[in-house]
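Structural description and commentary
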Amino acid sequence: MDENNKKIGAVMVVGGGIGGIQASLDLAESGFKVYLVEKNLSIGGVMAQLDKTFPTNDCSMCILSPKLVECARHRNIELLTRCEVESIEGSAGNFKIKVKKHPRFVDVSKCTGCGDCAEVCPVEVPDEYEENLANRKAIYRPFPQATPGAFGIDKSGACCECMQCEKACKAEAILHNMLEQDIELNVGSVIVFPGFDEFEPKLREEYGYGLFSNVVTSIEFERILSASGPFQGHVVRCSDKKTPKKIAWIQCVGSRDSKIERGYCSSVCCMYATKQALITKEHSPDIRTTIFYIDMRAYGKEFDRYIERAKLEYKVRYIRSRISEVKEDAKTHNLKIKYEREDGELVTEEFDMLVLSVGLDVSRSAKDLAEKLNINLNSYGFARVDSLEPLKTSRPGIFAGGVFSGPKDIPETVTSASGACALASALLSSVRGTLVAEKKYPAEKDVSGDIPRIGVFVCQCGINIGGVVNVPLVVEYAKTLPFVVYAEDNLYTCSQDTQDTIKEAIAQHSLNRVVVASCTPRTHEPLFQETIREAGLNRHLFEMANIRDQNSWVHMKQPREATEKAKDLVRMAVAKVSLKEPLGRISLKLTSRGLVIGGGLAGMVSALRLAEEGYEVYLVEKEDTLGGQAKDIYYTLKGEDVQKFLSKLIEKVTSNNKIHIFTAATIEKIEGFVGNFKTTIKLNSSLKELEHGAVIVASGANEYQPTEYLFGKDKRVVTQRKLEELIATKKLNVSNQSSIVMIQCIGSRCDENPYCSRVCCSEAIKNALALKKMNKQVNVYILYRDVRTYGFKEDWYQKAREQGVLFIRYEEDDKPEVKLNKDKLEVLVKDLILEEKLLISADLVVLSTATVPSEDNKELSQLLKVPLNEDGFFMEAHAKLRPVDFATDGIFVCGLAHSPKFIEESICQANACAARACTILSRDELEVEGIVAEVNELKCKGCRLCKEICPYGAIDVELKKVLGKEKEVARVNPALCKGCGACSASCRSGSIDLKGFSDSEILTQIGALV
Amino acid sequence: MAEPQVKIIRLSELDLNFKYEIQKEPGGENITRCFACGSCTNACPIREIDEKYNPRKIIHMALLGMKDEVFKSEFVWLCSSHYTCFERCPQGVNIGAIASAVRSIAIKEGFYPDPQDSSWNEQEVIEFDELDQELKYKVAAEEGGENISRCFACGSCTAMCPERERDERYNPRKFIRMIILGMKKEVFQSDFLWLCSTHYRCAQRCPQGVNIKEIMNAIKNIATGEGYTSPL
């Protein structure tokens, strides 16, 4: 590389939705400067508008907002809101990018987010964030947790320039004459996540959207469900604001519809409609919910289980019928739809409200952006990517993911974001750390011996808390408690501007301890702890009172009692915090090497990427050769040659001198913790110890071995993989008369394995098309339960039908039968449209077999101390936002070990694991949390109960001289201790205390209640 | 195994090439795209009164190769090809054209429906010879009547007519259909012609730009010219 094209240690991320946020955080944590470019006033994207997320029903904003704050306060991330990319020059490693910064008319550095300006603004316009179901002012903040928290003025026709806001603003932050700015930035790589816009339902006008007031889109319904939404979370219809008795969802509005250039499946609607129906039931159990669909596409991890729950537990009604038009009763504004029931009867049913499950259109800004960045799009206007290089755009150095490269849900967007980071980080590994700043904290104030001075901050959480609990009353009460010198209430204590308020209060009132009464410490404690640390207080001089999840949410109907309970909880927290002492963090050295378990495709991609990012890797494979399940896959749906890719990958991995490969090796023991693992492997009956800082689990899965349908008894019954091999190795002849019957869901979606194996529908279609390529007239039948060709795979489903492949649906309780009639193979299946049985003579019966978890998973999960889910696959830390992490730091998961998936998805996850591991390996040292167990050696009897109980192996018992007497005492390794408290609870002599949760603190807390 | 009372369709006895034959006919190209979502059947206005109108089932039978049954089905012979099904189909399966394709294959192969055998000619029949084929041209010649022949009977107008909710006589689609067919006397004597308040919503929603408001005026002009007055 010559001097003019020096690599730059900075990356631009375009798009501030959850994908762009994750990419920015991963890169910033791996030593790169990040410019996060967002066209709107705030980052957050569509996820900020959602009420809950499937399949865990987590509150969307609650899991997103800590990430927003983290982004805003990260020293390596520069937020460029109201910005758009104008042009790009240069090449991979060194791009010069012009960015246009549209005026916000408010100085972000001065605005405190107090909202006085909006209070006086006389102009009201429809609020986009509320999907136009409510109004906002011309000067506004899109939502309370918006990041940055500053307001902005809408001058595209809304602002009347009356200057009232300028007069009202005490911070003098309003600049009505702010001008557009051009910014030039120099970066080494670009990551593009422009996201999506929802389909405009007026394009399918027969559904009456915009005409009938009680027909809403699914995203509008998210706002209706949201507690902070236009109707405060009450499910009401728009015409009369009354609670509807019957709501129906219409699926595939703007999806699977080639008539309106949206032939693809939007991948997420079946699940979000189910979620909405389920949450509706939780809001008002009397509302009857119905979902009209074509195929139920619950292809993801835990999805089918979620649908079953909706059906059985919540009585959501599912009807397989695509609705073709909607009529309105002009008097009642009820909606009438006509559909054919599965028994063939045509019925007209009336609903009070209809939700259109609108599909995902690629972001309307994508076309323009792609032109400016000079990257290629596919026929639908999404980024064109290859199945085997799913994160690379057509231009080197520019990576893409999220919905931009195809409809996908949140975890897959987050995965692709981390994955794209791995590629950018590999490209720029030589300049890692060159443009970043160290985070500097003020020195910690010594508060030992000082009388506690406690500040209490009570959160309204919009109306989540404030709508039930009388928050001002709680604040007044808090002021009367011992040691409390300051108390206030906040609309959202977690918002960006409140963090500054807290810091100011600490300084102004010389606070030395802080209590926040809000939601759960699970999501928000680190945020507040960081805030008080920035104000010079030790992180542990802090306590949270959970007055939302454990109070306002459960006592919604008893506001008076809830207010009393909030007072109790605050009093308890205040009592506890007054006893709290500062706890130190421990800094540890780390080993900058990775261990990858499993030498299949995912494992190899992870290992290669980590090596390219500059770290040594141990790659351990139990078989004699690398390749895993991919050895049996010859081509992808799009036609890419998998074997060629695989052999190239093996060559790259074996020739990379940073990767140390151990084949025919098994894992015997894994000790240690993040940054400092010691793994013993068995290799040719000898043991070898490996030291490393992170672990990537890529141990794969197996193909289900069928026992049904004469498999193993008649050689004409084969698995889908065997068929693929026969086709690829040209060992199969098909004639015009050949009849090939494929049966789906063998070993999937059954009692034994209740999950969907995700790939089988597309694999069957892939091979059916290959057969059709051999002979156009060959008869191929696919017997299915739901065709789950999500995303652009739907195009191939259409192609297969176009070429005459016949799809026949069957029900789980009326499975097809395969029998021998003399030596003829016959398949009998009930046709559900004709209500008659079909008898098909078959030359070949092909079973689409499940992907089942590896039998080694159990042992490996115990060695790693990480969990498996009910189905036996590894369970990630969080289904939505930590899709490749384990709850245990430093351990990650990708590929089939996580769940069944396609090659491109495995590759994305493998890259994501490399990026996540890099956030650890790139550090100089690790800081370990100070909440650890501590043994009082005087009291300890050395009974060893704690050692047996500790799930992390953090306790040893040793012989020690205590007060001149030698005795056995327990010793805690603070680096291994997770602070779970199991030892403390079990100790019979009461000699173990958990720092920050000591007996005296807990007892005082309880004492304050009783 | 199968219970004896359930009919078993043996695919080996069916014509597996039937779907390809239909594909070759104009308009039949997309038949195999069908994924049986049911939009067509849900949209078919005739299905409501006659369950033999079941496009999804017929398409499925054709795909399976049940040629005889399809030929003998009343649907393919009775379907008036008014395309609501096609309009609603997300996969572009042109059912009206397919019905006509099937008819032409059937006739080529010497199959004709036996009128004795079906219930269709028991119903009232409108004799084309008795109608005024010129009527639609007369209307087209009037100002605002130009687009009348564009009507593809999608029903948007009727669906949209606010009066229709309370009074069945308000049926613009039927009315336009009668004009196109030339049912002059029935048109002139219809209550709708003289009741319609021509407030334009039908015309606004018409995807084909049929200006029903102007057509009403045009018809009233012609009717008055020929000496007709309101029957009301």
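Structure: see above.
Below is a short write-up of the structure. (Residues numbered from 1 in each chain as written. Chains lettered and ligands numbered in written order. Predicted model: local features only at pLDDT ≥ 70, side-chain atom pairs only at ≥ 80, totals over all residues. Heavy atoms only, no water.)

So, the overall build of chain A
The line we're drawing: The numbering of helices and of strands both runs from the N terminus, where a helix is a DSSP run of H or I of at least 4 residues and a strand a run of E of at least 2. Radius of gyration here uses only the C-alpha atoms, and the compact-globule reference equals 2.2 Å multiplied by the residue count raised to the power 0.38. Buried residues are those whose accessible area, probed at 1.4 Å on protein chains only, stays under 20% of the maximum for their type, while exposed residues exceed 50% and partly exposed ones sit between those limits. The contact rule is simple, with two residues in contact once any of their heavy atoms fall within 4.5 Å. A 1.4 Å probe and the Shrake-Rupley method give the accessible areas. Residues count as covered only by the protein chains that appear here. Positive: Lys, Arg. Negative: Asp, Glu. His and the chain ends are not part of the count. Taken as the charge location is NZ of Lys, CZ of Arg, CG of Asp or CD of Glu.
Helix and strand content of chain A: 24 helices and 52 strands. For 1010 residues, the compact-globule estimate of 2.2 N^0.38 gives 30 Å, and the C-alpha radius of gyration of chain A, at 30 Å, lies within 12% of that figure. Every one of the 1010 residues in chain A was classed for burial, and the buried ones make up 63%. For chain A, long-range pairs separated by at least 24 residues make up 71% of all intrachain contacts whose partners lie at least 6 apart in sequence. When the accessible area of chain A is evaluated, it comes to approximately 39300 Å², of which 49% is carbon and sulfur surface. Chain A carries 134 positive and 141 negative side-chain charges, and their two centres are separated by 1 Å.

Side note on the overall build of chain B
Of the regular secondary structure elements, chain B holds 14 helices and 1 strand. The proportion of buried residues among the 232 residues of chain B is 50%. If you average the places of the 29 positive and of the 34 negative side-chain charges in chain B, the two averages end up 5 Å apart.

Regarding the interface of chain A and chain B
For clarity, the threshold we go by: The buried area of a pairing is the accessible area, by a 1.4 Å probe, that goes missing from both parts when the two are put together, added over both. Whenever Lys or Arg places a side-chain nitrogen within 4 Å of a carboxyl oxygen from Asp or Glu, that contact is recorded as a salt bridge.
Contacts between chain A and chain B engage 51 residues on the former and 48 residues on the latter. Around 4400 Å² of area is buried between chain A and chain B when both sides are counted, 50% of it from carbon and sulfur atoms. The tally of links from chain A across to chain B stands at 5 salt bridges. When the shortest N-O distance is used, the salt bridge between A:Glu325 and B:Arg88 registers 2.8 Å. Among the elements of the structure, strand E19 (326–328), strand E20 (335–340), strand E40 (779–784), helix H19 (793–802), strand E41 (806–809), strand E42 (817–821), strand E43 (824–831) and strand E44 (836–842) of chain A are those that each provide at least two residues to the side of chain A that touches chain B.

Quick word on the sheet that holds strand E1 (residues 10–14) of chain A
Residues and elements named next belong to chain A. The following threshold applies: In this description, strands pair whenever DSSP reports at least two bridges between them. Only the contacting stretch of a helix is used when fitting its axis, a line to C-alpha atoms as for every element, and angles between N-to-C directions run 0 to 180 degrees.
One open sheet accounts for 5 strands, arranged E5-E2-E1-E13-E24; its pairing is parallel. Among the strands making up the open sheet, the edge pair consists of strand E5 (77–81) and strand E24 (398–400). In this sheet, neighbouring strand axes are inclined to one another by 20° on average, regardless of whether the strands run parallel or antiparallel. In this structure, strand E2 (residues 33–38) lies alongside E5, joined through 5 bridges in parallel fashion. Bridge assignment links tyrosine 35 to a residue of E5, and that residue is glutamate 78.

Observations concerning the side chain of B:Asn54
This is how the line gets drawn: Under this definition, polar contacts are N or O atom pairs within 3.5 Å; protein pairs additionally need one hydrogen-donor-capable and one acceptor-capable atom, and for neighbouring residues in sequence, both atoms have to be side-chain atoms.
Looking at the element boundaries, B:Asn54 is found in the loop between helix H2 (39–43) and helix H3 (55–64). Within the structure, the side chain of B:Asn54 is placed 2.7 Å from the side chain of A:Glu340, a separation counted as a polar contact. Look past the residues within four positions of B:Asn54 in its chain and what remains in contact with it is A:Glu340, B:Thr41, B:Arg47 and B:Phe75.

A word on the environment of A:Glu220
Residue and element names in this part refer to chain A. By the element assignment, glutamate 220 lies in helix H5 (residues 218–225). With 10 residues separating them in the primary sequence, glutamate 220 and proline 230 have C-alpha atoms 9.8 Å apart. Glutamate 220 has contacts with Glu131, Leu133 and Tyr209, leaving out every residue within four places of it along the chain. Reaching out from glutamate 220, the side chain makes a polar contact with the backbone nitrogen of threonine 217 at a distance of 3.0 Å.

Some remarks on the pattern of salt bridges
All names here are of chain A. What the rule picks out here adds up to 87 salt bridges over all chains. Here aspartate 257 and arginine 322 are joined by a salt bridge, their closest N and O atoms 3.8 Å apart. On the criterion of sequence distance, the pair formed by aspartate 257 in the loop between strand E16 (246–253) and helix H6 (269–283) and arginine 322 in the loop between strand E18 (317–320) and E19 is long-range, its members being 65 residues apart. Since its relative accessible area comes to 2%, arginine 322 is described here as buried.

Things to note about the pairing of strand E17 (residues 288–293) of chain A
Residues and elements named next belong to chain A. The condition is simple: By definition, the crossover connecting two strands over a helix is right-handed if that path, from the first strand to the second, turns clockwise as seen with the strands pointing away from the viewer.
Along E17, 5 of the 6 residues are buried, which leaves the element largely enclosed by surrounding structure. Pairing geometry for E16 and E17, over 5 bridges, is parallel. Its bridge partner lying in E17, tryptophan 249 is registered against isoleucine 291. Tracing the backbone out of E16, into H6 and back to the parallel element E17 gives a crossover that is right-handed. Pairing geometry for E17 and E18, over 4 bridges, is parallel. Looking across to E18, one finds that phenylalanine 292 is bridged to isoleucine 319. Taken together, E17, helix H7 (residues 303–312) and E18 form a β-α-β motif whose crossover is right-handed.

A word on a nonpolar patch on the surface
Stated formally: Like-charged residues within 9 Å of one another, or nonpolar side chains (Val, Leu, Ile, Met, Phe, Trp, Tyr) within 5 Å, are grouped into patches, provided each residue has over 30% relative accessible area and no salt bridge.
Taken together, the side chains of A:Leu1003, A:Ile1006, A:Leu1009 and A:Val1010 make up a nonpolar region of the molecular surface, amounting to roughly 420 Å² of accessible area. Tracing the backbone shows A:Val1010 in the segment after helix H24 (999–1009).

Things to note about the sheet that holds strand E35 (residues 686–692) of chain A
All names here are of chain A. In space, the 3 strands of this open sheet follow the order E33-E34-E35, with antiparallel pairing throughout. The sheet is open, and its two edges are formed by strand E33 (665–673) and E35, each paired on a single side. Across the sheet, the axes of successive neighbouring strands diverge by a mean angle of 20°, strand direction being ignored. Summarising the sheet, strand E34 (residues 676–683) and E35 pair through 7 bridges and their orientation is antiparallel. When the sheet's bridge partners are listed, threonine 680 is paired in E35 with glutamate 689.

Examining the nonpolar core
Under the convention used in this document: Side-chain atoms within 4.5 Å link the members of a nonpolar core, which is a set of buried Ala, Val, Leu, Ile, Met, Phe, Trp, Tyr and Cys residues.
Within the largest apolar cluster, 88 residues are counted, with the highest numbers of intra-cluster contacts made by A:Met12, A:Ile97, A:Val190, A:Val192, A:Phe221, A:Val326 and A:Leu354. By residue number, the principal contributor to this core is H6(A), which donates 8 residues.

Quick notes on helix H20 (residues 857–864) of chain A
All names here are of chain A. To keep things clear, this is the line we draw: The arc under discussion is defined with respect to the helix axis, by the directions toward the C-beta atoms.
Regarding H20, the residues found buried are Asn857, Leu860, Ser861, Leu863 and Leu864. Down the axis of H20, the sector holding all buried residues measures 160°, keeping them to one side. Set apart from the buried face of H20 by more than 90 degrees, the exposed residues are Lys858, Glu859 and Gln862. Buried residues belonging to H20 abut strand E30 (593–597), E33, strand E36 (694–697), strand E46 (851–853) and strand E47 (891–893). Looking one or two residues beyond H20, the residue adopting positive phi is lysine 865, at roughly 60°.

Focus: the packing of helix H18 (residues 760–774) of chain A against H19(A)
All names here are of chain A. As a reminder of what qualifies: For classification purposes, angles smaller than 35 degrees are called roughly parallel, those larger than 145 roughly antiparallel, those between 65 and 115 roughly perpendicular, and all remaining angles oblique. Helix crossings fall into two classes, left-handed where the near helix is turned counterclockwise from the far one by less than a right angle and right-handed where it is turned clockwise. In the scheme used here, Gly and all other residues not listed as nonpolar or charged are polar, with Ala, Val, Leu, Ile, Met, Phe, Trp, Tyr, Cys and Pro taken as nonpolar and Asp, Glu, Lys and Arg as charged.
Between H18 and H19, whose axes approach to 10 Å, the crossing angle comes to 45°. Of the possible angle classes, the one that applies to H18 and H19 is oblique. Considering the relative orientation of H18 and H19, their crossing is left-handed. Touching Ser762, Ile765 and Leu769 of H18 are Lys793, Trp796, Tyr797, Lys799 and Ala800, all from H19. When the residues that make up the contact of H18 with H19 are grouped by side-chain class, the tally is 5 nonpolar, 1 polar and 2 charged.

A few points about the environment of A:Ala664
Residues and elements named next belong to chain A. With respect to the helices, strands and loops of the structure, alanine 664 is situated in the loop between strand E32 (659–662) and E33. For the pair formed by alanine 664 and lysine 311, sequence separation is 353 residues and the distance between their alpha carbons is 46 Å. With sequence-adjacent residues up to four places away left out, alanine 664 is seen in contact with Glu621, Lys622, Glu623, Asp624, Lys682 and Leu683.

Let's talk about the packing of aromatic side chains
As a reminder of what qualifies: For Phe, Tyr and Trp, where Trp contributes only its six-membered ring, two rings pair if their centres lie within 6.5 Å, and the inter-plane angle classes them as stacked under 30 degrees, edge-to-face over 60, or tilted in between. As a reminder, the over-ring test applies to NZ of lysine and CZ of arginine, requiring each to be within 6 Å of the ring centre and within 35 degrees of the ring normal.
Tallied over the entire structure, the rule returns 30 aromatic pairs over all chains. Between A:Tyr618 and A:Phe662 the ring centres are 6.1 Å apart and the planes differ by 40°, which places this aromatic pair in the tilted class. One end of the pair, A:Tyr618, is in strand E31 (residues 616–620); the other, A:Phe662, is in strand E32, with 44 residues separating them in the sequence. Exposure class is identical for A:Tyr618 and A:Phe662. Each is buried. When the centroid spacing of 5.7 Å and the interplanar angle of 75° are considered together, the rings of B:Tyr170 and B:Phe192 count as edge-to-face. Of the two residues, B:Tyr170 sits in the loop between helix H9 (156–160) and helix H10 (172–181) while B:Phe192 sits in helix H12 (residues 191–195), which places them 22 residues apart along the sequence. Judged by its relative accessible area of 6%, B:Phe192 is buried. One residue, A:Lys766, lies across the ring of A:Tyr635, its end atom 4.9 Å from the ring centre. When the ring centre of A:Phe54 is taken as reference, the NZ or CZ atom of A:Lys880 above it lies at 3.9 Å.

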